[in-house]
Amino acid sequence: MSGDLSNVERLRMLHAVWRRGSLAAAAEVLHVTPSAISQQLTKLEREAGTGLLVRHGRGVRLTPAGLLLAQRSERVLAELRGARADLDSLTGETTGVVEIGAIPSAVHTFITPALTGLAVRYPGIEARLHEVEPEESLPALTDGVFDVVVVESWENLPLTRPPNTRWTVLRDDAATIVLPAGHRLAGADSIRAEDLADEIWVAWARRTLANAWIRQTLRERGIEPTVRHTVSGFGTQFAVVAGLGAVTIVPGMATTIAPPTVVCGPLEPVLHRQLYAVQPQGETRPAVAECVAALVEAARSWGTEGS
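Each value, and the rule that gives it
- Residues numbered from 1 in each chain as written.
- Predicted model: local features only at pLDDT ≥ 70, side-chain atom pairs only at ≥ 80, totals over all residues.
- Heavy atoms only, no water.
- Buried < 20%, exposed > 50% of the residue type's maximum accessible area, 1.4 Å probe, protein only.
- Helix = DSSP H or I, 4+ residues; strand = E, 2+ residues; numbered from the N terminus.
- Pairing = 2+ DSSP bridges.
- Axes fitted to C-alpha atoms, helices over the stretch in contact; angles between N-to-C directions.
- Parallel < 35°, antiparallel > 145°, perpendicular 65-115°, else oblique.
- Left-handed = near helix turned anticlockwise from the far one by under 90°.
- Contact = heavy atoms within 4.5 Å.
- Nonpolar A, V, L, I, M, F, W, Y, C, P; charged D, E, K, R; others polar.
- Core = buried A, V, L, I, M, F, W, Y, C linked by side-chain atoms within 4.5 Å.
- Salt bridge = Lys/Arg side-chain N within 4 Å of Asp/Glu carboxyl O.
- pLDDT = per-residue confidence, 0-100.
- Polar contact = N/O pair within 3.5 Å; in protein donor to acceptor, adjacent residues only side chain to side chain.

All right, on to the pairing of strand S12 (residues 272-280) then. Of all 9 residues that make up S12, 7 are buried, and the element is covered over most of its length. Relative to S12, strand S5 (residues 148-154) is paired through 6 bridges, and the arrangement is antiparallel. Of the residues in S12, the one forming a bridge with Val 150 is Ala 277.

In structure tokens:
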């Protein structure tokens, strides 16, 4: 990281520490190291002429001056978003960089065609796509790292909505069971999780919301799953299912990249999730609005081509 950051970026770091509660958590959201944040906030302290952080056990806490500046930074960052929108409107053209965070299954399906079409209609928009899970993307959105994020909210594990955010419905999806191609239930019209109670399961990496979701879904059906494998990425999960004889549950949209070595079937009873595009409540930049509109159009039309 460059040592020549602006005070605006340092304020963004201070805001993230305040919201996340620690240097480590803020660093994870901002994709920098805790030491980098510490160095930049030391420079901010010199600019402010007072201490902003004090050591508290293994973490840090904000001083009264730090808390005041962090609270003010929220307004500063909101004003900057508004200023960017005003500057964009002066040109009469829809241009600018839009940082997008999105869940993997949306990237695999409708987001890429959405952004392809957007680039044709608005060549002045530079859309930057980052694959990221909701537990990371939503905090990063409130800290100004992303302009819009695409998230999933399962009906049995709904997301908590951060304040001052606007949620736009994209589409519905349902959970799907994934089995090795030679599994005894491979030809079933639908599959009950209870019929797989004694199977070995593969789930997303530990300490992720997706890992918690699959465990909760199975426990709600009276199963204490034997999760022997934890990996990231649907392609990797499918490889484990096919190669190691495990089973798993994934969003239906994820099965578009499933290889012929696995079989996918609807989970019974049906379990739904809703996909959303989320942006800050005060976001008014035309480039962001057009990006969200493109996501909505692509999401709602995905899967209907040729039907």
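Once the structure has been displayed, the description carries forward.
Okay, the packing of helix H1 (residues 7-20) against helix H2 (residues 23-30) next. In contact at an axis separation of 8 Å, H1 and H2 are set at 120° when each is read in the N-to-C sense. One way to sum up the angle between H1 and H2 is to call them oblique. In the crossing of H1 with H2, the sense of the turn from one axis to the other is right-handed. When H1 is examined against H2, the residues Met 13, Ala 16, Val 17 and Arg 20 are found in contact with a partner set consisting of Leu 23, Ala 25, Ala 26, Val 29 and Leu 30. For the contact of H1 with H2, the residue count by class is 8 nonpolar, no polar and 1 charged.

In this section: the nonpolar core. Counting 28 residues, the largest nonpolar core has Val 17, Ile 37, Leu 41, Val 151 and Val 278 as the members making the most contacts within it. Taken together, the elements giving at least two residues each to this core come down to H1, H2, helix H3 (34-48), strand S2 (59-62), helix H6 (134-142), S5 and S12. Residues contacting Val 151, with those up to four places away along its chain left out, are Ile 103, Pro 134, Ser 137, Leu 138, Leu 159, Trp 167, Gln 274, Leu 275, Tyr 276 and Val 278. One finds Ile 100, Ala 114, Val 148 and Ala 298 within the second-largest nonpolar core, a separate group that totals 27 residues.

Take the pattern of salt bridges next. Scanning the model with the defined rule gives 10 salt bridges in all. With a closest N to O distance of 2.7 Å, Glu 126 and Arg 128 form a salt bridge. According to the relative accessible area criterion, Glu 126 is partly exposed, its value standing at 41%. Ionic contacts of the salt-bridge type, sharing partners, join the residues Glu 99, Glu 126 and Arg 128 into one network.

The next point concerns the confidence of the model for the protein chain. When pLDDT is averaged along the protein chain, the result is 89; 93% of the residues meet or exceed 70. Ranking the elements of the protein chain by mean pLDDT puts helix H4 (residues 64-91) last with 76 and S5 first with 98.

With that out of the way, let us pick up unusual backbone geometry. Cis geometry is adopted by the peptide bond preceding Pro 269, which originates at Glu 268 and carries an omega value of -5°. Mapped onto the fold, Pro 269 is located in the loop between strand S11 (262-268) and S12. The phi angle at Asn 164 is positive, at roughly 60°, despite the residue not being glycine. Residue classification places Asn 164 among the exposed positions, given a relative accessible area of 59%. Phi at Arg 207 takes a positive value of approximately 65°, unusual for a residue other than glycine. Within the element layout of this structure, Arg 207 appears in the loop between strand S8 (200-203) and helix H7 (209-220). Classification of Arg 207 as exposed rests on a relative accessible area of 81%.

In the contact formed by H2 and H3, the axes pass within 8 Å of each other and the chain directions differ by 105°. When the axis of H2 is compared with that of H3, the two are roughly perpendicular. Residues Leu 23, Ala 24, Ala 26, Ala 27 and Leu 30 of H2 lie in contact with H3, whose contacting residues are Pro 34, Ile 37, Ser 38 and Leu 41. Looking at side-chain class alone, the contact of H2 with H3 contains 8 nonpolar, 1 polar and no charged residues.

Our focus in this paragraph is the environment of Glu 155. Looking at the secondary structure, you find Glu 155 in the loop between S5 and strand S6 (165-180). Glu 155 sits in the partly exposed class, given a relative accessible area of 49%. With sequence-adjacent residues up to four places away left out, Glu 155 is seen in contact with Val 270, Leu 271 and His 272. Here the side chain of Glu 155 touches His 272 through a polar contact of 2.8 Å, landing on its backbone nitrogen.

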